[in-house]
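# Working through the structure, step by step
One letter stands for each residue in the lines below.
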Amino acid sequence: MTSADLRPAQMDHAPVLSSDDLGWENILVKQFQPPAGEAFCHFPEEHTICLSLSSRPVQFLQIKGSKRFTGLYGKGDISITPAGVPVFARWQQADHFLEIRLPSQFLQTVAHETLGSATVRLELVDDFRIRDAQLEAIAQLLLTDLQQQNLGGKLYIDSLTNVLAVHLIRHYAAKTAQISEYEGGLNQQQLLRVLDYLNDHLDQEIKLADLANLLGISQFHFSRLFKQSVGLSPYQYLLQQRIETAKRLLKQTDDSIVEIALRCGFNSHSHLTQQFRKATGTTPSRYRGDR
C-alpha cells in the first residue's frame, strides 16, 4: 500500500499558531496540537520539515510515496518531505509538532546563488525519523519568534530562512552539495555602504535581500561576510543600533516612548520595551528617569 492508495484525510484541527499573517517571505511555519487521527498531505511546490514537540513519544504510521515507516516520534525527532511527495500519516495519541514549509523554487534560487550557475535542479532526499541538532535549533528559533508574533522582525526571519535553506542543501540534497566559503569579510567600501544604509533606514522594515542586493551577492554569503567584518549578524547589529538610538533619544528628547519606538524601527511601545529590557536590563521609562 502506498499513499496514493489511501483516501485523503484533511487535518481537522487548525494550527495553534501560524506565520500566515506575519508577512514572512519564503517560509511558512505552523504549530499543531491535534488529537489522535490521520491526515493526507501533498505540497507539490513546497519542501516540508516537521519537528516533533511532543514530550511523550507518539506511535506513527507514515507513508511517503512508496516508502513506509512505523515507529515512535518523540521530542526532537524530524521528518523531511521533498516537494511533490504525497504523505499519509496516522498517529495513535495526541500529537504536538512544528511544520515548516519552504518553496522549492526558493531553495533552487539559494542553491544557484551559493553553488553557481551550473547548478542542476535541486532535489532533497526524504527522511523519516532523524536527529539533527542544528536543524532542530533553527526550528526552535522560528517557533520562538512565531510565539512572540515576529518580535525579531523580517531581517531576523530572512536570516533564519536562508540558514535553514543552506543547511538543507548541504545535508539533504540528493547529490552532495559543496558550498564555497568566503573569508576575510567585506572590504571597507562595502561595509560602509551597508552601515550607511542601515543607519538611513533605521525606522523601516529591512530585509536581508535589501542588504545583499547592495553588494550584488547572495544573502547567505552576505550574512557570513558581514559577521566576519563586524562580529555580529546583520540582525544583531541592526537591533544594537536601534537600541542605542532609542537610548540617545530617551535621554536627549522629550518625545513619547511610542514616537521613539517608531523612529527606531520598533512597531510599538511594548516591542521597544521587550527588546530594550533584554538588551539593557531595564525599561525605556526607567532608563529615561535616570537622566
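Scope of this entry: the structure provided in the associated data block. Because the structure is a prediction, the values reported are computed rather than measured.

## Things to note about the overall build of the protein chain
Helix and strand counts for the protein chain come out as 10 helices and 10 strands. Principal-axis analysis of the C-alpha atoms places the extent of the protein chain at approximately 70 × 45 × 25 Å. By residue count, 49% of the 291 residues in the protein chain fall in the buried class. Accessible area for the protein chain stands at about 14500 Å²; split by element, carbon and sulfur atoms hold 47% of it.

## A short note on the sheet that holds strand β4 (residues 46-52)
Across the sheet, six strands lie side by side as β1-β2-β9-β4-β7-β10; this open sheet has antiparallel pairing. Every interior strand has two partners, whereas the edge strands, β1 (17-18) and β10 (127-130), have only one. As defined by bridge partners, β4 adjoins strand β7 (residues 78-81) across four bridges and the pair is classed as antiparallel. Note on β7: the bridge partner recorded for Thr48 is Thr81. In this fold helix α1 (residues 104-115) packs onto β4 and β9 (97-103), with an angle of close to 65° to the strand it touches most, β9.

## Looking at helix α9 (residues 269-280)
Between its first and last C-alpha atoms α9 spans 16 Å; for 12 residues at 1.5 Å apiece the expected length is 16 Å, and the two agree. Along α9, the residues that are buried comprise His271, Leu272, Thr273, Gln275 and Phe276. Where α9 is buried, its residues contact α7 (234-252), α8 (257-263) and α10 (284-289). Following α9 by one or two positions, Gly281 has its phi on the positive side, about 85°.

## Considering the packing of helix α2 (residues 133-147) against helix α3 (residues 154-172)
For the pair α2 and α3, the least separation of the axes is 10 Å and the interaxial angle reads 155°. Looking at the two axes, α2 sits roughly antiparallel to α3. Crossing geometry of α2 relative to α3 is assigned as left-handed. Between α2 and α3, the contacting residues are Gln134, Leu135, Ile138, Leu141, Leu142 and Asp145 on the first element and Tyr156, Ile157, Leu160, Val163, Leu164, His167 and Tyr172 on the second.

## Things to note about the nonpolar core
The biggest cluster of nonpolar side chains holds 67 residues, and the ones touching the most others in it are Ile27, Ile100, Leu142, Leu164, Leu168 and Phe222. Top contributing element to this core by residue count: α3, with 10 residues. When residues no more than four places from it in sequence are discounted, the contact partners of Leu164 are Ile27, Ile100, Leu102, Leu135, Ile138 and Leu142. Val58, Phe69, Tyr73 and Ala89 belong to the second-largest nonpolar core, a separate cluster that totals eight residues.

## Section: the pattern of salt bridges
Per the stated rule, a full pass over the model turns up nine salt bridges. Of the charged contacts in the structure, one is a salt bridge between Arg101 and Glu99, with a shortest N-O distance of 3.1 Å. Given a relative accessible area of 11%, Arg101 falls into the buried group. A residue is classified by how much of its surface remains accessible, and Glu99, at 8% relative accessible area, is buried. Between Asp255 and Arg263 there is a salt bridge; the shortest N-O distance is 2.7 Å.

## Re the packing of aromatic side chains
Applying the stated criterion across every chain, the model contains nine aromatic pairs. Between Phe32 and Phe97, the aromatic rings sit 5.1 Å apart at their centres with planes inclined by 20°, giving stacked as the arrangement. Residue Phe32 is found in strand β2 (residues 28-32), and its partner Phe97 is found in strand β9; the two are separated by 65 residues along the sequence. The pair formed by Phe32 and Phe97 is uniform in burial state, with each residue classed as buried. Ring centres of Phe69 and Tyr73 lie 5.6 Å apart, and the angle between their planes is 75°; this geometry places the pair in the edge-to-face category.

Thresholds, definitions, all that
Just so you know, the residues in each chain are numbered from 1, in the order the chain's sequence is written. This being a predicted model, a pLDDT of at least 70 is required before a residue's local features are given, and a value of 80 or more before pairs of side-chain atoms are given or counted; all residues contribute to the totals for chains, interfaces and linings. Hydrogens are left out, water is left out, and the side-chain values use all remaining heavy atoms of the structure. Secondary structure is summarised from DSSP: a helix means a run of H or I of at least four residues, a strand means a run of E of at least two, and numbering begins at the N terminus for each. Relative accessibility thresholds used throughout: buried, under 20% of the residue-type maximum; exposed, over 50%; partly exposed, between the two (1.4 Å probe, protein chains only). For the area figures, the Shrake-Rupley method with a 1.4 Å probe applies, and any residue is considered shielded solely by the protein chains shown. Strand pairing is assigned whenever DSSP identifies at least 2 bridges connecting the two strands. Pairs of residues are marked as contacts when any of their non-hydrogen atoms sit within 4.5 Å. All axes are obtained by fitting lines to C-alpha atoms, using only the stretch in contact for helices, and the reported angles, taken between N-to-C directions, cover 0 to 180 degrees. A helix is expected to span 1.5 Å multiplied by its residue count minus one. The cut-offs work like this: below 35 degrees is roughly parallel, past 145 is roughly antiparallel, 65 to 115 is roughly perpendicular, and the gaps in between are oblique. By the definition used in this description, the sense in which the near helix is turned from the far one sets the handedness, with an anticlockwise turn below a right angle giving left-handed and a clockwise turn giving right-handed. The set of buried Ala, Val, Leu, Ile, Met, Phe, Trp, Tyr and Cys residues whose side-chain atoms join them within 4.5 Å is what this entry labels a nonpolar core. Salt bridge criterion: a side-chain nitrogen from Lys or Arg within 4 Å of a carboxyl oxygen from Asp or Glu. Under the pairing criterion, centres of Phe, Tyr and Trp rings, with the six-membered ring standing for Trp, must be within 6.5 Å; the plane angle then separates stacked pairs below 30 degrees from edge-to-face pairs above 60, leaving the rest tilted.

Honestly, that's just the spatial picture; any functional story needs more than this.
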